[in-house]
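Read off the chains here:
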Amino acid sequence: MGTLGKAIYSVGFWIRETGQALDRLGSRLQGNNYFQEQLSRHRTLMNVFDKVPVVDKDAFVAPSASVIGDVQIGAGSSIWYGCVLRGDVNYINIGSGTNIQDNSLVHVAKSNLAGKVLPTIIGDNVTVGHSAVLHGCTVEDEAFVGMGATLLDGVLVEKNGMVAAGALVRQNTKIPSGEVWGGNPARFLRKLTDEEIAFISQSAINYSNLAQVHATENAKSFDEIEFEKVLRKKFARKDEEYDSMLGIVRETPPELILPDNILPDKAAPKRT
């Protein structure tokens, strides 16, 4: 961003700040006769009671997620946009390399009717699909929870177990290793193949790598974002024949290159 751009940005900032200050002054002058709007001040990490979220430095928590209270997140794990992890009446423990995808909800139960304490424990390299609900349950290492699935209090998903998308797993259900359960209520469907078990591990690796890209993007300053806009405009794709006529060689700058496992297969034939 050039000098003019910085000046315009600064003027805009001052105008907004002045407007807020004037609004606060006007509200004070009106006393009890003005309408007070309650603003939502979102906090990605929030304490509750005396509990503080503990997030590993190599984990990614999206800015629109909410991690509240007694929650621990391990290295390489990712909490995606719109997720809520609420560890208030009990604790949530998430291992390493696990991904909790967009709009999922993870909560806990203080105890069940029998008095059993029900935190939510999610192991290493677990994939939890979009909009899933996990409540007072345990999901062991390298398990898979499909999109929109619901796991109720006391559920145990063993290592390499899979819950199908949209399933409702009733209280205290155990899903054994190597099995797929689905439906409402969830029931045994079939055994997992070796390829599907390998997919669970690969899915966790892919999301861990993708989280690094999102973490880098979210950490960019305003100047870096504006600079990248210039780069994208300068290196925009053009017709190859047109470029060859002008002798132009266009190379993608390193700032715009994604990891290989996120890009489409380079060896795949082009569609005509």
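The preceding data block contains the structure.
This report concerns the structure included in the present document.

Here is what the cut-offs are and how they apply
- Residues numbered from 1 in each chain as written.
- Predicted model: local features only at pLDDT ≥ 70, side-chain atom pairs only at ≥ 80, totals over all residues.
- Heavy atoms only, no water.
- Helix = DSSP H or I, 4+ residues; strand = E, 2+ residues; numbered from the N terminus.
- Buried < 20%, exposed > 50% of the residue type's maximum accessible area, 1.4 Å probe, protein only.
- Contact = heavy atoms within 4.5 Å.
- Areas by Shrake-Rupley, 256 points an atom, 1.4 Å probe, with all protein chains shown as cover.
- Lys, Arg positive; Asp, Glu negative; His and termini not counted.
- Salt bridge = Lys/Arg side-chain N within 4 Å of Asp/Glu carboxyl O.
- Pairing = 2+ DSSP bridges.
- Expected span 1.5 Å × (residues − 1).
- Core = buried A, V, L, I, M, F, W, Y, C linked by side-chain atoms within 4.5 Å.

1. Some remarks on the overall build of the chain
Scanning the chain from terminus to terminus reveals four helices and 20 strands. Across the 272 residues of the chain, 32% fall into the buried class. When contacts within the chain are restricted to residue pairs at least 6 apart in sequence, those whose partners lie at least 24 apart make up 25%. Approximately 17,200 Å² of the chain is accessible, and the part contributed by carbon and sulfur atoms is 55%.

2. A look at the side chain of Asp-153
Take Asp-153: it is sitting in the loop between strand 14 (150–151) and strand 15 (156–157). There is no salt bridge for the buried Asp-153, and the closest opposite charge comes from Lys-116, which lies 11 Å off by N-O distance. With residues up to four places along the chain from it excluded, the contact list for Asp-153 reads Ala-109, Leu-118, His-135, Gly-136, Gln-171 and Asn-172.

3. Side note on the sheet that holds strand 10 (residues 127–128)
The eight strands are arranged 3-5-7-10-13-16-19-20 in an open sheet whose pairing can be described as mixed. The open sheet terminates on both sides in strands that have one partner only, identified here as strand 3 (60–61) and strand 20 (187–191).

4. Notes on helix 2 (residues 194–218)
One full turn of an α-helix is made of 3.6 residues, so residues set three or four places apart face in the same direction. When the terminal C-alpha atoms of helix 2 are compared, their 36 Å separation across 25 residues agrees well with the 36 Å that a helix rising 1.5 Å per residue should span. Buried within helix 2 are the following residues: Ile-200, Ser-203, Ala-204, Tyr-207, Ser-208 and Ala-211.

5. Examining the pairing of strand 20
Sheet analysis places strand 19 (residues 179–182) next to strand 20, joined by four bridges and oriented antiparallel. Paired with Trp-181 across the two strands is Phe-188, which belongs to strand 20. Hairpin remark: strand 19 followed by strand 20, antiparallel, with four residues in the connecting loop; positive phi at Gly-183, about 100°.

6. Topic: the pattern of salt bridges
Applying the stated rule across the entire model yields six salt bridges. Where Asp-88 meets Arg-86, a salt bridge forms, and the shortest distance between an N and an O atom there is 2.6 Å. What makes Arg-86 partly exposed here is its relative accessible area of 33%. Notably, a salt bridge pairs Glu-217 with Lys-220, separated by 3.0 Å at the nearest N-O pair.

7. Some words on helix 1 (residues 3–30)
If you check helix 1, its first and last C-alpha atoms are 41 Å apart, about what 28 residues at 1.5 Å a residue would give, namely 40 Å. Downstream of helix 1 by a residue or two, Gly-31 has a phi angle that is positive, lying close to 65°.

8. A short note on the nonpolar core
Of all hydrophobic cores here, the largest spans 33 residues; its most connected members are Ile-73, Ile-79, Leu-85, Leu-134, Val-139 and Leu-151. With near-sequence residues (within four places) excluded, Ile-73 lies in contact with Val-54, Val-55, Asp-56, Ala-59, Val-61, Val-67, Ile-79, Leu-85 and Ile-94.

9. Looking at unusual backbone geometry
Comment: phi is negative for the bulk of residues other than glycine, and the bulk of peptide bonds are trans. That bond from Asn-184 to Pro-185 is cis: its omega, -5°, falls within 30 degrees of zero. Along the chain, the position of Pro-185 falls in the loop between strand 19 and strand 20. With a phi angle near 55°, Asn-125 is a residue other than glycine that sits in the positive phi range. Residue position: Asn-125 is located in the loop between strand 9 (120–122) and strand 10. By relative accessible area, Asn-125 is classed as partly exposed at 29%. Here Asn-172, not a glycine, exhibits a phi torsion of approximately 65°, which is positive.

10. Here's the deal with the environment of Phe-60
Position of Phe-60 relative to the elements: it lies in strand 3. Here Phe-60 falls in the buried class, since its relative accessible area comes to 5%. When the C-alpha positions of Phe-60 and Thr-216 are compared, they lie 9.7 Å apart, and in sequence the two are 156 residues distant. When sequence neighbours within four positions are dropped, the list of residues in contact with Phe-60 reads Ser-77, Ser-78, Ile-79, Trp-80, Tyr-81, Ala-211, His-214, Ala-215 and Asn-218.

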